[in-house]
Structure formats: C-alpha cells, structure tokens
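Structural characterization, general
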Amino acid sequence: MIQSLILSTLMFGAMFSVLTVSLNLQYARGGMINFGTVAYFAAGAYAYAIFTQEPPSGLDQYAFGFDLPWWVGFLAAGLAAMLFALVTGWPTLRLRGEYLALTTFAFAEVFHSILLNERRIGNGSVGMANVERPDPASIGLDDTLGYTLAACALMLLTAWLFHRLLASPYGRLVDATRDDEIAAESVGKDTARVRLQIFVISAIPIGFAGALYAMITTLVAPALFTAEVTFFVWIALALGGERTIPGAILGTLALVFFQELVRAIPFETVRGAQIAASAEEVITGILFILVLRWQPWDRLSRKAGS
Amino acid sequence: MTLFLQFVLTGLVTGCFLILATIGFSFTRRVEGFLNIAHAELLGVSAFATWGCNKLLGWHILPSAAVGIVVTAFAGLAIGRIVYDPIRRLGPSVMLITSVGVAYAIGGTIDALIGTGIRTLDIPLATSIRFWGLRITDYQLIVVVLAILCSASLALFLNRTKTGLAIRAMSANPELAASRGIDVKKTSRATWLISSGLAGVAGVMLGVIATLSTDIAFHQILQILAVAILAGLGSLYAVIVSGLIVGVAMDVSVFWIPAGYRPLVAFAVVILVLLFRPQGIAGSASGK
C-alpha cells in the first residue's frame, strides 16, 4: 500500500516534473507564459503512439501506424513536440504577457479539438489503446519499478541539461533577454531568436515526457490531454517557488503525492469518492492562492541568503 | 438558403449569450487590469444557485433567478476583496495565475455540493416563434433582449452616473483618480458587484437555454476568452461586435464542417486576429 503509493508518486511525479522544469525554463528564465503546455505533451504522446502502433485494422480509424521500435517512437515524440513548438512559437512569441498566455492556450484548445474530431489521427475520442512499450522484464525489472526509474532518469537528465544550459554564458543571455530586452538588443543580441530557442528547447523534454506517459498508461486519448494538465503543471510550479529547478521538482512531487494520497483512500460509495475528488480540487486551488499570495519560499530563500 | 439563415439566426442568439457572458469579464479586465479565469465559474455559481431555489425549494423561476444573480454578485465581491485585492501589487500575471486557483476552488465546491449528472430548471417548455420559415424560441428571445438591456444599461451607467465615471477614471489612471479624491475601495467594490452580477445574469440564462452539468462553466471560459481577445482586451463596446462575430462564425461553420469543430472555429478566429491584429478589433493600444 505505502510502497505502491510512493512508487506511483515517484513515477507520475518525476514525469510531470519534466513538464514543470521545462515550464520553469520558459517562465522563470525566459519570461514567457505558456498556457498551452498540454499541447506539446499530447504531441509527444500521439507521435509515440502513431510511430509504434501497428497499421490500422478492423475498427481502427487512424490512418497511420508505422509499427516501429519504441526508441524510434520516443525520438519522434521529442521531434514532434519540437516541431509543434516551432510552428506555434514562431508567430506568437512577439506577443507579450497575457496575450502570449492566451494564444498558447488557444493553440492547445485547437490541437485538442483536432485530436478529438479528426479520427484519422488517433481514432478521435476513443483514442489509441494498447500502445506498444518496451518490457522492463527483459532487463529483470518489475513493470512499475522500471517505468519509475525511467521517469526519474528523464527528469534528472532534463534538470541537469537545463542547469548546465542556464549556468553557461547562454543562460546569462536568456536572463538579459527577460530582464531588459532593449538593453540586450542594444548590445547586439537577437532577443526574438533567443526567445524562440528557449521555447523550442524546453518543448523537447515535454514531448519525451508525453511518450513516457503513453508507455505508462498504454493509452492515448484526447480526454487525457485537457487544459487541466496545463493548470496542474502551473500549480506545481507555483507551489515549488517558481524560480529554481529543485523547487519545480519538489512542488510537482508534493502535488502528485497529495493527489495519489486522496486516490489511495478506499471509498464505500461513489458519492464519497466524488466528494473526495472535489475536495482535492478545492484544496489544490486554495493552496495555490495562498502560495501566490504569501510566496513563502521566496521569503525563506531571501532569509537564507542574507 | 433558409437553413443557412437559420444557422445565422441561431448564431446571433449564441452571440448574444456570449455578450452577456463576456461583458463582465471584459469589465473586470478593464478596471482591475487582469484576466479573471474564474469568471466563468461564477456563471456556474449563478446557474446552480438558481437551480437550487427553483428545483430544490420549489420556488418560481423569477425569484430564483434574482437570488442566483444576487448570490453571484456578492460571491464575486467577496472573492475580489479577499483574494485579488491583496495581490494587486504583484502584477497582472500573478493575478491571472491566481484566478486559475480560484476557478479550481469554485469548480470543486460546486462539484462537491451538486454532484455529477444533468440538471434542468423547472420552467415551461420553450415555444417557438416562426417567421419567414425561420424559428426562434421564446427563451432565445429573452437572451437577445437581456444582452441588449445589459450592454445598454452598462453603457449608460459608465457614462452618466457618478460611480460609473469614477470607475472609468480609475481604469484609465488609478493614481490620478485616487489623488483627485475618488474612493478607490468603493469604486473597486462596485466593479466587482457589477461584473459578477453580469456573470450571474449570464449564468441564469445558461440554465434556461441549456442543460446544466457541473463542468459547464469550464467550457464557457474558452468562448469567453475567444470573444474577449477578439474584442481587444478591456474594450466594452467591441465585445458586442465580437460576441456576434464569434457566435455566428461558430454556428454557421456547422453548415460546412462537422459540428465537433464548433469550439475550434472560435479559437481559429482568435489566433488569426492575434497574429494579424494583436490589439483586437477595437484597435486601441490597450495591450500593455
């Protein structure tokens, strides 16, 4: 019971941490509010499913299934998220603040609507079930444990790469672009390009996380990729203090742990479970408001610094 | 051709509903300076408060609707005072993200109280009125009339009354308004009451023309955002035009493409507008 709680917290927590860490790069360092995170996540998951799924047969309505090995699908997931970020980022990044937030949100909604209605991509609302995945048993690991380790590895790799990237001179260029665009421009930096680069780079791990999500759930369906995922990641980011990579990861783990804990409570009635789910939503929302209001982590770090 | 015109007519009704739903949202954006994602949840509060009075207590629809609107207006005021006022100094981005938390809290509360399933109000069945081969129901007509009434009275209020002028002064320049002796707190209270009250009106109409389920509010925010962006955030008169554009575009699109794409059409319009005219159709440079 406790073991499975910890394992699933680690598995989903590490996977969503990849999203939070990427969002942290976009928002805290790049100054871009991306309210369409789920679209890149979905793009990765769908790309993985399409590349690894067998060609359509019987009642399947999807047009493409390439039946390729999982690692091809995994690479395709990163590539798909990257391409989607290029396509959506190039026209929108000249917008600022809330306008950028709204356009990315709109893009995510359009993408979701296409996945839902265009049956030739992934069976429409039914989605694609039985997604192929590598079997951890082949290297002697339990299923859950294997994917937990994979999620943690992806998370650590993403965190390490982003940390290296931001500690380099390039990271200072990113900070300069966020803090004072005119100043950065005046010393000859192409700020529009930096913003697009950050946007695209941070989308790649989100795509990989999408592929991992498809492997863990073995299902991709539009209902899994709603705006709630975006909001979830934003709440996790705010919980963690929104400035640092470890903060982003801790925030996500805490939020996932909280959700898994509520889910682990056995309920006698459907109504009871439903009330618990609603209560979870309310508490998440209130936590979010409180954290943004008082920003306790910022204060703590300032105290530690002084 | 008649069928096409029927779609246009239904689109105009949808547009009028969108005007009702968006006008309070744009009002908040203009005066308080941020996008209140939780605005759509207030529609849910109103719709279910009305439903509770109407169905559970067995009241007539009119007093129920009045209770729904008043409850929503004061709920919005309370949220504004408790949640948004203290964080105003942190800027519109933090307020925008906070409002997502508020939406979660309200949505979860409604879920817990009401539960899943589809609800309808206890009102007479709609009767349709026919003319030139077109049909419109009496409830749809009420939506149109209310949209006209609400926008007209809001315009009169902002242009003619003292409080309305104070609100406009505050939205243009808060510091200057305060230094000229306008009571900022009182004005802010009036703003929250009005914008939430308008959400209340829209929520009641939502209950009248549609069936209610607890996730209904969330779907509204997508369309509200579409209309608000198209209008140019914060502009009130353009909301009327853009509400009608989005409504007609969504409903007429059904004529050519599958109905499932209806919400997509709203956002396709938004993306196009933002790419070519980021300041919206109103054309003022209020995008800062």
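Structure: above.
Now for a look at the structure at hand. (Residues numbered from 1 in each chain as written. Chains lettered and ligands numbered in written order. Predicted model: local features only at pLDDT ≥ 70, side-chain atom pairs only at ≥ 80, totals over all residues. Heavy atoms only, no water.)

1. Section: the overall build of chain A
Which entries qualify depends on this criterion: Counting from the N terminus, the helices are the DSSP runs of H or I reaching at least four residues and the strands are the DSSP runs of E reaching at least two. Values of the radius of gyration come from C-alpha atoms, whereas the globule rule sets the reference at 2.2 Å times the count of residues to the power 0.38. Summary of the burial criterion: residues with accessible area below 20% of their type's maximum are buried, those above 50% are exposed, and those between are partly exposed, where the area comes from a 1.4 Å probe applied to protein chains only. Contacts were defined at the residue level, with two residues in contact if any of their heavy atoms lie within 4.5 Å. Think of it this way: Lys and Arg go in the positive column, Asp and Glu in the negative one, and His and the chain ends go nowhere. Charge positions are represented by NZ for Lys, CZ for Arg, CG for Asp and CD for Glu.
Within chain A one finds 13 helices and two strands. Here the C-alpha atoms of chain A give a radius of gyration of 20 Å, agreeing with the 19 Å that 2.2 N^0.38 yields for 306 residues. Here the C-alpha coordinates of chain A stretch approximately 60 × 45 × 40 Å along the principal axes. The burial tally for chain A puts 54% of its 306 residues in the buried class. Here the contacts in chain A between residues at least 6 apart in sequence split such that 77% fall between residues at least 24 apart. Averaging the positions of the 19 positive and the 23 negative side-chain charges in chain A gives two centres separated by 11 Å.

2. Topic: helix H1 (residues 2-29) of chain A
Burial of H1(A) is extensive: 23 of the 28 residues sit out of reach of the surface. Positive phi appears at A:Gly31, one or two residues downstream of H1(A), with a value of about 70°.

3. Focus on a positive patch on the surface
Residue and element names in this part refer to chain B. Let me state the cut-off plainly: Patch membership requires more than 30% relative accessible area and the absence of a salt bridge. Residues of like charge join within 9 Å; the nonpolar side chains Val, Leu, Ile, Met, Phe, Trp and Tyr join within 5 Å. Accessibility throughout is a Shrake-Rupley quantity obtained with a 1.4 Å probe, and a residue counts as covered only by protein chains that appear here. The working definition used for a salt bridge is a side-chain nitrogen of Lys or Arg within 4 Å of a carboxyl oxygen of Asp or Glu.
On the surface, a cluster of positive charge is contributed by Lys-162, Lys-185, Lys-186 and Arg-189. Top contributing element to the positive patch by residue count: helix H8 (residues 184-209), with three residues. Looking at the element boundaries, Arg-189 is found in helix H8. Accessibility expressed as a relative area gives 34% for Arg-189, which makes it partly exposed.

4. Digging into the side chain of A:Thr177
Along the chain, A:Thr177 turns up in helix H7 (residues 169-179). Excluding its chain neighbours within four sequence positions, the residues that come into contact with A:Thr177 are A:Ala184, A:Thr191, A:Val194 and A:Arg195.

5. Re the interface of chain A and chain B
Using the following cut-off: A quick way to say it: buried area is the sum, across both parts, of accessible area lost when two parts are put together, with a 1.4 Å probe. Distance and chemistry together define a polar contact, namely a pair of N or O atoms within 3.5 Å, with one atom able to donate a hydrogen and the other to accept it when in protein, and with adjacent residues in sequence counting only for side-chain atoms on both sides. Here the term charged refers only to Asp, Glu, Lys and Arg, the term nonpolar to Ala, Val, Leu, Ile, Met, Phe, Trp, Tyr, Cys and Pro, and the term polar to all other amino acids, Gly among them.
Counting residues at the interface gives 40 residues for chain A, matched by 43 residues for chain B. In total, about 3,700 Å² of surface goes out of reach between chain A and chain B, with carbon and sulfur atoms giving 72% of it. Put simply, chain A and chain B have zero salt bridges between them. Where chain A meets chain B, there are one residue pair in polar contact (both at pLDDT 80 or more). For the side of chain A that touches chain B, the secondary structure elements donating two or more residues are helix H3 (70-92), helix H4 (97-117), helix H10 (227-239) and helix H12 (270-294) of chain A. Residue contributions to the side of chain A that touches chain B peak at 13 residues, all from H4(A). Split by residue class, the side of chain A that touches chain B holds 24 nonpolar, eight polar and eight charged.

6. Focus on the pairing of strand S2 (residues 134-137) of chain B
All names here are of chain B. Heads up, the rule is: A pair of strands is labelled paired if DSSP reports no fewer than 2 bridges between them.
With burial as the criterion, only one face of S2 is covered, namely that bearing Leu-134 and Ile-136; the residues Arg-135 and Thr-137 on the opposite face remain uncovered. As judged from the four bridges shared by strand S1 (residues 128-131) and S2, these two strands associate in the antiparallel manner. Within S2, the residue paired with Arg-130 across the bridge is Arg-135. Hairpin connection, S1 to S2: the antiparallel pair is bridged by two residues, and Trp-132 has positive phi, about 45°.

Remember that the coordinates give geometry; whether it matters functionally is a separate question.
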